[in-house]
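Overview (structure and organization)
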Amino acid sequence: MSDRTTLPQDLPEQTPAPENHPTQPVSGGGISRRGFLKGAGVTAAGSALLEGVQVFSHEAVAATRNGVKEYGPGAVPVTLTVNGKEHTLQIEPRTTLAEALRVHMGLTGTKIICDRGSCSGCTVLLDKTPINSCMTLAMDAIGHKVTTIEALSSNGGLHPVQAAFVKHDAMQCGFCTPGMVMTCSALLDQNPKPTEEDVRKATAGNLCRCGTYPRIFAATLEAAGTTPRNA
Amino acid sequence: MATTKLTPEVDPLLQAAANAAPAAGTETVQMPVGVPGYTLRQEPRQVPVTEPPVLPVNKDLQYIGKSPTRWDSHAKVSGTARYTYDMQLPGMLYAKFVCASVPHARIVSVDTSEAEKLPGVKGVYVVQHLLGGAVLRNPSLDPSKYPIVRYAGQPVAAVAATHPHIAEQAAQLVKVQYDAKPFVVDMTQARQPNSPQVFPGPADQAGSAGGGGGPHDVPQTGNVHGPSIHKKGDPEQGFKDADVIVEGKYTTQVQVHNALETHGVVADWKPDLLTVWASTQGTASVRDELAAYFKMPKSQIRVITEFMGGGFGAKFGAGNPGVVAAQLSKQTGAPVWLMLDRKQEQLSAGNRPSSDQTLRIGAKKDGTITAMQLISYGTAGCGTGAGCAGPVTHLYDSPNLHTEENDVFINAGPAAAFRAPGHPQGAFALEQSIDELANKLNMDPIDLRDKIDSNPVRRVERQIIRESALWKSRNPKPGAGAGSGYLKRGVGLSQSVWYRFIRMDSSAEVRVHRDGSIEVLSAVQDIGTGIKTVMAQVLAEQFGVPPQQIAVKIGDTNYPIGPNSGGSVTTASLTPAVRDAAWQASQKFLASIAPALNTTADDLVLTGGEVRSKSGKLQPVSFRRAAKKMDTDVVSAQAKRIPDYDPAKYDTYGGVDVAEVEVDTEMGLIHVKRIFAVHDCGRPMNPMQVKNQINGGLIQGISYALYENRLLDPKFGYMVNPNLDMYKIAGPRDIPQLDVHVIESYIGQSSTDASGIGEAAGVMSAAAAIANAFHNATGVRIRSTPMTPAVVLEALKQAPQRSETA
């Protein structure tokens, strides 16, 4: 959701360089693309991303350089609105939204599977948009309403998509299921009468290793009141 | 599950029981056997008198064979299902592995001092003894203080800290000094005499509770571990007697399991009890490995797996994460969370070996096979288990057979059992060769299989396929498939076979409480296959109450022993024990309430949620009200698996799959349009769940056929696609229409007569069916997976090749 192309190229490294082998190229540890993006969260670019949000507390500001605020690298207070409630967390600015939800708030229904936006197991709603929370810094969620699988249904029962997943057995191990349910419910919010092709497109980024896709299509179509193909 | 040399596996306990004099305490009962609508009949079986009454076929049952919703589905759709990965305990530390950055080396030193100084770090552990992979027969050939590094990504050390970020940072502060050795990551190069050696001498790998591993009694030359030779009859003479011989070379890639929940545990070491939450296919296997590793009694270890995010064969035993987390917990006095990250999972947690197969089949003009010969090489990295002779050994009748399987060591992570070990590879070669033979003999592929495959269930399955619209739409002439211009349509078929394995360590306890609640307990784990639901159905059938009213408590070694879930054993092994326990508990329950109802237990039956009197002298009473009459607060019965009723009988399962493809001959794309699948698994206990697994098996098979490939950089020895952004698995837009049919196949073997479906779910046959459809479409054989556009275009360059038709 954030535009990463604005990152400056001379960012200081957030994590120490690997020193476990002096002569061989790095494979095990080191600065990955992900680590680089996460590290970027503490720098000018990270705070620049927050300029539009303007809700950051002054205590969180570590330094001001050239008129640009810097946060971190230590923990800073961050207030997030999750499932209708405000939560103030002490987190490092590099913390992803997925990490904040799971590690700091105990909302473990959101899964981190690939940790690089390739499987959508970590899908949550930012306002009404499904996003990969592993690719979103927690600080980028400031000022937005975050909805996780735990609060998809507000009345204590099941959301129609959840009920249809149960009826069609649209799960096996269940590890991808929260992400699938979030994606499919967001689809129905935007497109109440989808075709199977619409469901396939909406879930294109969601991976399931057990192979429950046909049931997911059928369940989503049923939740929409569209007759599903027998799956 | 056994090695690839799969013979009907005879459990020693089961064998002993079979050899014992059976008559005492048994009776003869009539049981349904065969396929309803085709071959159903009654056959006699000698069964212990303590067994519950024979179950009729599914149509005559209320809950078994029906499809109630998945027992834990609400927890899974609402995010409340708590997996090992989700565990958070007070004071818990997060651990992270330090992994080898080189593919082959002796470790000179490991300096953890900087990591230890980082605030928040509570423990550091350097791996002393590595689990997984082959082990030298003579360990003194490779003296080293630390385990020799044999692949990039091998665990070297681990750190535990108060936050995952700190653990990650600390792991990067551990300094490892390597004495690098030459390495090899290409199988063809590894077979050369001058190749770097992965092991300095012969090395073997044990199988896990889920199978894998390889033979131990074979020669080793350089990196080539084998051959493991099996011969039947006189293969040479068989080929001389043949009218037609087909021969082909086939290659398949390495596939990575990619369970969405990675391997790992949370370990909590207390002075008198080690509690471990594990993402595992076998709670017992984790406990047993920890007990052996730490020399502790089993009674001081408790393993819990309430929810589990996929395994596919690779998750047995404690493994390196298990023993290291336990060690760190012992050191720090705090619970320790240690889950692999995705990259570590891909590098170190198992894979399906590659294959390089040469297959020859000789046959008479009428199709009768006279001889088959398979020579295979495959790499299981620094482990073994690449044999793939299962299909050629078990699918067709041949008087003469010769197989030679070889493992080739390379500097890559060890393989692990992966859904039907050896079979997708073996079937890719075998089923294309049978298709080629049919073309050469100018026979219909189904007619040929009717001739050479005596399995009565697959015969029924082929009959259903023969009558399907999809098969009828097939143009028998290769390359003549309809299609406009560059698009060619084709239809192809493949078969598969899997085996009946029974685990005798399968027990359950059933309790009925005075408030009318009923529960079933077993250490078995539900890995996504739905055993919780099936257990609830078995109790529901016995007590006459809906399955959702049964409390299913599993995945905890505090409960009676459960089977390790690998090789399609769980339902076949456990459900008879569950039914026996439910039967015994129900009898105890009736005896407990009968006096208060002024009748006897044998006058009472449980049905429709009520207790009813056979004699009619009582009005029906609801189960809950009747339970209030119990003379004690709880009645309970525990039962273990007893041997199959007819242990000498050897059953296999399988399926027949037909794929329809459209080949874009310009872009080299294979579009799988549809798969029509007919499969069997004994008595289907919950057809909705069974079909779900078959959907999944077919999808995994399509993914294997077209997309997946572990790529190793030959220059540096690393996996270049260790995450899901670059290692492609089938997604929602890649899958065809799946028409899945499950047939009931009764075998008269246990009180539930159930079997498993995990392996026989299409994962074995999908690639071969797609390849045969490709040939039907284009007239060209494609002998290599994954069938990517590059592979397809390369194959099409050879067209027009000599026709396979005689």
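Residues numbered from 1 in each chain as written. Chains lettered and ligands numbered in written order. Predicted model: local features only at pLDDT ≥ 70, side-chain atom pairs only at ≥ 80, totals over all residues. Heavy atoms only, no water.

**Brief notes about the overall build of chain B**
When helices and strands are counted, chain B shows 20 helices and 30 strands. Since a compact globule built from 806 residues should have a radius of gyration of about 28 Å, the 28 Å found for chain B is in line with a globular shape. Along the three orthogonal principal directions, the C-alpha set of chain B runs to about 85 × 75 × 50 Å. When each of the 806 residues of chain B is scored for burial, the buried share is 65%. The contacts of chain B with a sequence gap of at least 6 include a subset with a gap of at least 24, amounting to 79%. (Helix = DSSP H or I, 4+ residues; strand = E, 2+ residues; numbered from the N terminus. Rg over C-alpha atoms; globule rule 2.2 N^0.38 Å. Buried < 20%, exposed > 50% of the residue type's maximum accessible area, 1.4 Å probe, protein only. Contact = heavy atoms within 4.5 Å.)

**Digging into the overall build of chain A**
The secondary structure content of chain A amounts to seven helices and seven strands. Element order for chain A, N to C, with α for helix and β for strand: α-α-β-β-β-β-α-β-β-β-α-α-α-α. Taking all 231 residues of chain A together, 54% fall into the buried category. Contacts spanning at least 24 positions in sequence make up 55% of the contacts within chain A whose residues lie at least 6 apart. Only carbon and sulfur atoms are counted for the fraction: they give 50% of the accessible area of chain A, which is about 9,300 Å². (Areas by Shrake-Rupley, 256 points an atom, 1.4 Å probe, with all protein chains shown as cover.)

**Quick look at the sheet that holds strand 28 (residues 652–664) of chain B**
Residues and elements named next belong to chain B. On the basis of which strands lie adjacent, the open sheet formed by four strands has the order 20-28-29-30 and mixed pairing. Only two strands of the sheet have a single partner each, and these edge strands are strand 20 (487–499) and strand 30 (737–743). Averaged over neighbouring strand pairs, the angle between their axes works out to 15 degrees when direction is ignored. Inspection of the sheet shows strand 20 paired to strand 28 by 13 bridges, in the antiparallel sense. Bridge pairing in strand 28 places Arg-489 opposite Glu-662. Running over the sheet, helix 13 (residues 456–466) touches strand 20, strand 28, strand 29 (669–680) and strand 30 and is turned about 30 degrees from strand 28. (Pairing = 2+ DSSP bridges. Axes fitted to C-alpha atoms, helices over the stretch in contact; angles between N-to-C directions.)

**A look at the environment of Ser-329 of chain B**
Residue and element names in this part refer to chain B. With respect to the secondary-structure elements, Ser-329 resides in helix 8 (residues 319–332). Relative accessible area serves as the criterion here: at 0%, Ser-329 is assigned to the buried category. Spatially, the C-alpha atom of Ser-329 lies 9.1 Å from that of Val-266, the residues being 63 residues apart in sequence. If near-sequence neighbours (up to four positions away) are discounted, Ser-329 is found in contact with Ala-267, Asp-268, Trp-269, Ala-334, Pro-335 and Val-336. A distance of 2.8 Å separates the side chain of Ser-329 from the backbone nitrogen of Trp-269, its partner in a polar contact. (Polar contact = N/O pair within 3.5 Å; in protein donor to acceptor, adjacent residues only side chain to side chain.)

**Here's the deal with the state of the cysteines**
What the rule picks out here adds up to zero disulfides over all chains. In this model Cys-210 of chain A remains outside any disulfide bridge; the closest cysteine sulfur is found in Cys-173 of chain A, 3.8 Å from its own. A relative accessible area of 5% means that Cys-210 of chain A is categorised as buried. The thiol of Cys-681 of chain B is unpaired, and the distance to the nearest cysteine sulfur, on Cys-210 of chain A, comes to 17 Å. Residue classification places Cys-681 of chain B among the buried residues on the basis of a relative accessible area of 2%. (Disulfide = S-S within 2.5 Å.)

**A short note on helix 8 of chain B**
Residue and element names in this part refer to chain B. In this model helix 8 runs 20 Å from its N-terminal to its C-terminal C-alpha over 14 residues, within 8% of the 20 Å that 1.5 Å per residue would give. Buried residues dominate helix 8, accounting for 11 of its 14 residues. Looking at helix 8, one finds that the buried residues are Gly-319, Asn-320, Pro-321, Gly-322, Val-323, Val-324, Ala-325, Ala-326, Gln-327, Leu-328 and Ser-329. Directly beyond the C-terminal end of helix 8, a positive phi value near 75 degrees is found at Gly-333. (Expected span 1.5 Å × (residues − 1).)

**Focus: the sheet that holds strand 22 (residues 518–522) of chain B**
Note on sheets: strands pair through backbone hydrogen bonds, and any given pair is parallel or antiparallel. Residues and elements named next belong to chain B. Spatial ordering of the open sheet is given by 23-22-21-27, a layout of four strands whose pairing is mixed. Only two strands of the sheet have a single neighbouring strand rather than two, namely strand 23 (550–554) and strand 27 (634–640). With direction set aside, neighbouring strand axes in the sheet form an average angle of 15 degrees. Sitting on the sheet, helix 16 (residues 570–593) is in contact with strand 21 (507–513), strand 22 and strand 27, with an inclination near 150 degrees to strand 27.

**With respect to the pattern of salt bridges**
Residues and elements named next belong to chain B. Summed over all chains, the structure comprises 49 salt bridges over all chains. Here Arg-287 ties to Asp-288 by a salt bridge, and the two come within 3.2 Å at their closest N and O atoms. Looking at Asp-288, the relative accessible area reads 30%, which means it is partly exposed. Across the salt bridge formed by Asp-450 and Arg-462, the nearest N and O atoms sit 2.7 Å from each other. Taken as a pair, Asp-450 in helix 12 (residues 445–452) and Arg-462 in helix 13 lie far apart in primary sequence, 12 residues in all. (Salt bridge = Lys/Arg side-chain N within 4 Å of Asp/Glu carboxyl O.)

**What to know about the domain arrangement of chain A**
How large an interface is tends to be reported as the accessible area lost when its parts come together. Residue and element names in this part refer to chain A. Examined at the domain level, chain A breaks down into domain 1 (28–151) and domain 2 (160–223). Listed by partner, the interface residues are 15 residues for domain 1 and 12 residues for domain 2. Carbon and sulfur atoms make up 66% of the area that domain 1 and domain 2 hide from each other, which totals about 1,100 Å². Remark: the boundary between domain 1 and domain 2 carries zero salt bridges. Linking domain 1 with domain 2 are three residue pairs in polar contact (both at pLDDT 80 or more). Of the residues in the side of domain 1 that touches domain 2, the class split is six nonpolar, seven polar and two charged. (Domains from an automatic or database assignment. Buried area = accessible area lost by both parts, 1.4 Å probe. Nonpolar A, V, L, I, M, F, W, Y, C, P; charged D, E, K, R; others polar.)

**Some points on the interface of chain B and chain A**
Each partner contributes to the interface: chain B provides 73 residues, whereas chain A provides 66 residues. In total, about 5,800 Å² of surface goes out of reach between chain B and chain A, with carbon and sulfur atoms giving 55% of it. Our count for the contact surface shared by chain B and chain A stands at five salt bridges. Across the chain B-chain A interface, the total number found is 32 residue pairs in polar contact (both at pLDDT 80 or more). Of all the secondary-structure elements, those providing two or more residues to the side of chain B that touches chain A are helix 2 (73–78), strand 3 (93–99), helix 4 (164–173), strand 8 (175–180), helix 9 (342–348), helix 18 (687–706) and strand 30 of chain B. Grouping the amino acids of the side of chain B that touches chain A by side-chain chemistry returns 33 nonpolar, 28 polar and 12 charged.

**Describing a negative patch on the surface**
A cluster of like negative charges, contributed by Asp-234, Glu-236, Asp-241 and Asp-243 of chain B, occupies part of the molecular surface. The residue Asp-241 of chain B is located in the loop between helix 6 (235–240) and strand 12 (244–252) in this model. (Patch = residues over 30% accessible without salt bridge, like charges linked within 9 Å, V, L, I, M, F, W, Y side chains within 5 Å. Lys, Arg positive; Asp, Glu negative; His and termini not counted. Charge placed at Lys NZ, Arg CZ, Asp CG, Glu CD.)

**Re the domain arrangement of chain B**
Residues and elements named next belong to chain B. The assigned domain composition of chain B is domain 1 (84–181 + 263–339) and domain 2 (502–640). Spacing between the C-alpha centres of domain 1 and domain 2 amounts to 39 Å. Taken together, the contacts link 17 residues of domain 1 with 15 residues of domain 2. Around 1,200 Å² of area is buried between domain 1 and domain 2 when both sides are counted, 46% of it from carbon and sulfur atoms. Considering only the side of domain 1, the residues that lose the most area to domain 2 are Gln-281, Thr-283 and Arg-302, jointly responsible for 36% of the buried surface there. Viewed at the interface, domain 2 and domain 1 are joined by one salt bridge. Residue Arg-302 is joined to Asp-556 by a salt bridge in which the shortest nitrogen-to-oxygen separation is 2.6 Å. The interface formed by domain 1 and domain 2 includes nine residue pairs in polar contact (both at pLDDT 80 or more). Listing elements by their share of the side of domain 1 that touches domain 2, those giving two or more residues are helix 7 (283–294) and strand 15 (301–304). Within the side of domain 1 that touches domain 2, the residues separate by chemical class into seven nonpolar, seven polar and three charged.

**Remarks on the environment of Leu-118 of chain B**
Residue and element names in this part refer to chain B. Looking at where Leu-118 falls in the secondary structure, it is placed in the loop between helix 3 (113–117) and strand 5 (121–126). Classification of Leu-118 as buried rests on a relative accessible area of 18%. In the structure, Leu-118 is positioned 371 residues away from Arg-489 in sequence and 62 Å away in space, judged by C-alpha atoms. Among all residues touching Leu-118, those that are not within four sequence positions of it are Ile-166, Gln-169, Ala-170 and Leu-173.

**Here we look at the packing of aromatic side chains**
Residue and element names in this part refer to chain B. For the coordinates displayed, the defined rule picks out 15 aromatic pairs over all chains. Centre to centre, the rings of Tyr-83 and Phe-307 are 5.7 Å apart; their planes meet at 45 degrees, and the pair counts as tilted. In this pair, Tyr-83 sits in the loop between helix 2 and strand 3 while Phe-307 sits in the loop between strand 15 and helix 8, placing the two residues 224 residues apart along the sequence. Stacked on the ring of Phe-418, the Lys or Arg Arg-352 has its end atom at 4.5 Å from the ring centre. (Phe/Tyr/Trp six-rings, centres within 6.5 Å; stacked < 30°, edge-to-face > 60°. Lys NZ or Arg CZ within 6 Å of the ring centre and 35° of its normal.)

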